[in-house]
There are 2 protein chains.
Amino acid sequence: MKIAIAQLNPTIGDLAGNAQKILDVAKYVASQGGRLLLTPELSLCGYPPRDLLLNPCFVENMSLSLQQLAKDLPPNLAVLVGTVERNLQASISGGKNLFNGIAWLENGKVQRVFHKRLLPTYDVFDERRYFEPGLEVNYFSLDGIDIGVTICEDLWNDEEFLGKRCYANNPIADLSILGVDLTLNLSASPYTVGKLDFREEMLSHSAVRFQQPIIYVNQVGGNDDLLFDGRSFALNRQGELISRAKGFDTDLLFVEFDAEKRDLVLGSIAAKYECEDEEIWQALVLGVGDYARKCKFSKAVLGLSGGIDSSIVAAIATAALGKENILGVLMPSPYSSEHSISDALALGENLGIETTILPIGELMAGYDKTLGKLFAGTEFGIAEENIQSRIRGNLLMAVANKFGYLLLSTGNKSEMAVGYCTLYGDMNGGLAVISDVPKSRVYSLCRWLNLQGKNRIFGNREDNGEIIPQNVITKAPSAELKPGQIDEDSLPSYKVLDDILQRLINEHQSAAEIIAAGHNPVIVDRIIQMVARAEFKRRQAPPGLKITDRAFGTGWRMPIASNWLIKNSYQSQDFTTSTLI
Amino acid sequence: MKIAIAQLNPTIGDLAGNAQKILDVAKYVASQGGRLLLTPELSLCGYPPRDLLLNPCFVENMSLSLQQLAKDLPPNLAVLVGTVERNLQASISGGKNLFNGIAWLENGKVQRVFHKRLLPTYDVFDERRYFEPGLEVNYFSLDGIDIGVTICEDLWNDEEFLGKRCYANNPIADLSILGVDLTLNLSASPYTVGKLDFREEMLSHSAVRFQQPIIYVNQVGGNDDLLFDGRSFALNRQGELISRAKGFDTDLLFVEFDAEKRDLVLGSIAAKYECEDEEIWQALVLGVGDYARKCKFSKAVLGLSGGIDSSIVAAIATAALGKENILGVLMPSPYSSEHSISDALALGENLGIETTILPIGELMAGYDKTLGKLFAGTEFGIAEENIQSRIRGNLLMAVANKFGYLLLSTGNKSEMAVGYCTLYGDMNGGLAVISDVPKSRVYSLCRWLNLQGKNRIFGNREDNGEIIPQNVITKAPSAELKPGQIDEDSLPSYKVLDDILQRLINEHQSAAEIIAAGHNPVIVDRIIQMVARAEFKRRQAPPGLKITDRAFGTGWRMPIASNWLIKNSYQSQDFTTSTLI
């Protein structure tokens, strides 16, 4: 039996467009002799549809789209489509109104809808908000082959592999008892660093443990903060990889189920990524490209400071949207160093993007004059530093508004964590490209990028030189908001900072544990307080592309007016942190 | 038996401070002969603690605080304290790590911890994210009286009253079968308009239906966007109200359980509110006061435009923080009308707050000059309108940063819905005071406020005159971002707009349903598209005080890069909406 995996990139809520994509691929698959076509979780509406699911008319339209799609599909092809189904018992027996389902479409009709059993409700996932868990073991027979159906989280409960049980039930264990020939997993599983290999290892363990071939189908594409990496794959009964789709791109993969051997046959296997930097680069390029495309932007603007953060974001944006669609704006102040201009221009040159210079000195003087009487007798401080950043933010938004560009913000995760950024200033933007990328990773991405060269990254045949100017990588990071300022005046080295933040944020370690790992207690205490105090800034940040298992975004739900971790409580409405350390 | 209800106002995460509050009230209650003291849901950490619960050291500290509190409490007093408890079976049987619990403290020890059974996971509630539902029917015996224990949502499943079953189990039905003498409900139930009466009616229905007296205890206070109204109450076996605590304030209420009659005895009953406007006013004043206090601000700043939104926010802030702690900033432009200055000054005079004037004309000219070359040949439009708003936003943040003030933003819900506001401009602030108050409600609040007069609202004995100047209420609303502009150039009348928005947002009606209710199809379509397109602005808005059952805040989880509802897809990065209608 020829089985096709459609690794699709849906737009959230675009029922007609997504149905058309499924129909197009189905026609091609039928023409190639395919018997069964698999699509990702919620392929009809895109994952995650979030509160669109609370609109009865959205659910009704999805149901109508599904029925129409069933009618339009080619004959002799079974298609599994991700959709929601109403829970008709909800108001009588108690429970959520919907199931997260997979519809089996064949012969012009919806043959059956299978319900997701394990509903992730942690991090960015809110499935218990919308869905009732399915109670039945899901499988169907096609040409004498018994096929088990699981949806994403349904296969994330292998307590042998994970070291703990996450849910009471284990759907693949149930399927194994029933003796199905093959288990499918239709997913929309967001990317995080290293998760690609983890998934293959986990499902390989389950394949061996439960003696079943497994076909894993993943959504691809960026949906707001979430990046879906694709990399669908298939494992045979021995848990060996027999096929793998591309990462970070749509793909169509055919796999063959040998009905006699009751197993999947070796097919094409896309290569793994060389390193985490390559993986992350691909993820961020996809995220910028998809956010722009799905929001109907073709061009983007960003501020170029000559620093490493804006440089990597400019490179990502160029790879995502094309050099002719990026405008870099240099906004020097009297405190800017010579190299901040020359480095930014060199970067613009390397990328081949348009740049323009808007000096802010006169506007700074204008604010000083307007506020002169009110601020009389006070000293230059955080307020004045923030004004500079906000003038730049205002200029960038003016350009974005005037020409219909998407403004990209350039702050990294380390800054966002400790609040070393200005709300309504450098935080401005429609998308925060690297707000989940720690500063030390920004450096390694730049080094990796330069090793690739322009040829491999941008297809520039004439010139395979460096992308990020060397001086951008080697100079000391600085916000340049007052004379001679460098980041390490206010913060520990990024190596130390990032290790503390990794322990605090990703690993939920206590101060005592972080100190026990060898960090200076005074610094640990300060960093913890800075992280807590910056919550009000993060709350107002643009969506940021998620690449770690704990990002500041939809999965980060912290109170602001809280007293935990802030011992000597003091929260300024806004500040860069230079006064704190 | 003398039972005390402590209607407490905890600070989220302040374990030591919250424990001290419980201890203080316990000592007083013991001195008054109380036998049982009730505190709200999660009274030890405050509700909602949100992702603080993901920190193992936070949970550990809560456990230690609870044990210490048990030791410190006076003898012969049983105290029920809201806390979390670890689910020790989680990793073996599958499930969440914690229970949402009520600890019974007595004789220096934690006697037992009861687990919440029904876990709200909708709107602002994420309890399935953290908690495993309790499986046992919760009750204990004290001096021969059998007392059932339920936690908040546990009593929100009366399908007779609600018209549908929300959960499979009904804890009070189970308690009724066991024949307990009295049922307690320890809650942290956020305020929405009309919910105060709704709760009393619902629990009265349950009291009669299940033949049990009920004591309902609610948290009070503002925690970020959520406002807890208090108004704890008690019902006798006939469902009659026998006691009620104050609204929007801490309170301590004693109720008497007659052991012979097996029923509660009539006690003191705080008055209801006269009207919804009074209720909302109290809620917003509490919200501003608590947000400022819990974030350690004593003073606030806001822009005064002479319009009705900034006027009501100034009045709320004055009532919350005191007139000596409010600074109103007037920022006229060449497009400002005469009355925008005179009305704002009159308001400042009425409130007795400090005002200052910072004209923005020169800064506007400065931006025009800086952007002149880049914008050459383009026409005055949205970009230039937004620059004005952002200059004001920048000035207000400069003042907030310089003097450590909390900046209050003044946009109403109608504007936030359709995006008639400028991101990084008038949306700037630490707290959005009226972002869940529709424009038509802003008018009725102002009229109600003026009927009360300064005496009742601010205790101003010499002068009981109007608070909001009449001209502010009667003039046509305008953003004054270009000559002669009024809101109705871009929007339908607020009466029409607010009805459409109520149907669309709160009632989840489809376009067809809204049109069937009598609205112009062209306007309905435009409004729906404006609401969808403004999602990227709302995502970056400050926390806003929630007063309706569907607010733009933690309970509003919409995708941005979505194609639902936007047929002719187009999303500008930012705009006021004047070009759209």
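Starting afresh in each chain, residues are numbered from 1 along the sequence in its written order. The order in which chains are written sets their letters, starting at A; the order in which ligands are written sets their numbers, starting at 1. Per-residue local features are limited, in this predicted model, to residues with pLDDT of at least 70; the limit for side-chain atom pairs, both in listing and counting, is 80 or more; totals at the level of whole chains, interfaces and linings are taken over all residues.

S.K.: Could you give an account of the relation of the copies chain A and chain B, with specific residues and numbers?
M.R.: Here the copies are superposed with least squares, the fitted atoms being C-alpha atoms of residues at a pLDDT of at least 70 in both. Rotating chain A by 180 degrees and translating it 0.0 Å along the rotation axis places it on chain B, where the RMSD comes to 0.0 Å. Interpreted geometrically, this transformation is the action of a two-fold axis. For chain A, the minimum C-alpha distance to the rotation axis belongs to Q540 of chain A and amounts to 2.1 Å. When the interface residues of chain A are mapped onto chain B, 100% of them again fall at the interface, so both copies present the same face. Throughout, a residue-residue contact means that the two C-beta atoms, derived from backbone geometry, are no farther apart than 7 Å.

S.K.: Quick one: what's the story with the pairing of strand β4 (residues 98–106) of chain A, residue by residue and with numbers?
M.R.: All names here are of chain A. For β4, the tally of buried residues reaches seven of nine residues, placing the bulk of the element in the interior. In this structure, strand β3 (residues 78–86) lies alongside β4, joined through eight bridges in antiparallel fashion. Bridging from a neighbouring strand, R86 pairs with L98 of β4. Where β4 meets strand β5 (residues 109–115), six bridges bridge the pair, whose relative direction is antiparallel. Within the sheet, the bridge partner assigned to W104 lies in β5 and is R112. Between any two strands, pairing holds if DSSP finds at least two bridges. The numbering of helices and of strands both runs from the N terminus, where a helix is a DSSP run of H or I of at least 4 residues and a strand a run of E of at least 2. Count of turn residues in the β4/β5 antiparallel hairpin: two residues, of which N107 carries a positive phi of about 55 degrees. With C-beta atoms placed from the backbone, a residue counts as buried when 20 or more other C-beta atoms lie within 10 Å of its own, as exposed when 12 or fewer do, and as partly exposed for counts between those limits.

S.K.: How would you explain the packing of helix α8 (residues 276–294) of chain A against helix α9 (residues 308–321) of chain A if you had to name every residue and give the values?
M.R.: All names here are of chain A. Between the N-to-C directions of two axes lies an angle of 0 to 180 degrees, each axis being a line fitted to C-alpha atoms and, for a helix, fitted only over the stretch in contact. Look at α8 against α9: their axes get within 8 Å of each other, and the N-to-C directions meet at 60 degrees. With respect to their mutual orientation, α8 and α9 come out oblique. You can see that α8 and α9 cross each other, and the crossing is right-handed. Counting all contacts with α8, which are made through L284, V285, V288, G289 and A292, the residues of α9 involved are I316, A317, A319, A320 and L321. Any angle from 65 to 115 degrees is called roughly perpendicular, while one under 35 is roughly parallel, one over 145 is roughly antiparallel, and all others are oblique. With the far helix as reference, a near helix turned anticlockwise by less than a right angle produces a left-handed crossing, and one turned clockwise produces a right-handed crossing.

S.K.: Go over the interface of chain A and chain B with me, naming the residues and quoting the values.
M.R.: Contacts between the two partners involve 91 residues from chain A, matched on the other side by 91 residues from chain B. At 14 residues, helix α12 (residues 382–403) of chain A tops the list of elements feeding residues into the side of chain A that touches chain B. When the residues that make up the side of chain A that touches chain B are grouped by side-chain class, the tally is 43 nonpolar, 31 polar and 17 charged. Amino acids outside the nonpolar list (Ala, Val, Leu, Ile, Met, Phe, Trp, Tyr, Cys, Pro) and the charged list (Asp, Glu, Lys, Arg) are all regarded as polar, and Gly is one of them.

S.K.: With reference to specific residues and values, describe the sheet that holds strand β13 (residues 241–244) of chain B.
M.R.: Residues and elements named next belong to chain B. What the six strands build is an open sheet, ordered β6-β7-β8-β9-β12-β13; its pairing is mixed. Each having just a single partner strand, β6 (139–142) and β13 make up the two edges of the open sheet. Taking each pair of neighbouring strands and ignoring which way they run, the sheet shows an average axis angle of 20 degrees. Where β6 lies against strand β7 (residues 145–151), four bridges are found, and the strand directions are antiparallel. Its bridge partner being in β7, S141 is matched across the sheet by D146. Across the sheet, helix α6 (residues 171–178) lies against β6, β7 and β8 (182–187), angled at about 170 degrees from β7, the strand it touches most. Together, β9 (214–218), β12 (233–235) and β13 form the strand contacts of helix α7 (residues 195–210), whose direction differs from that of β9 by roughly 150 degrees.

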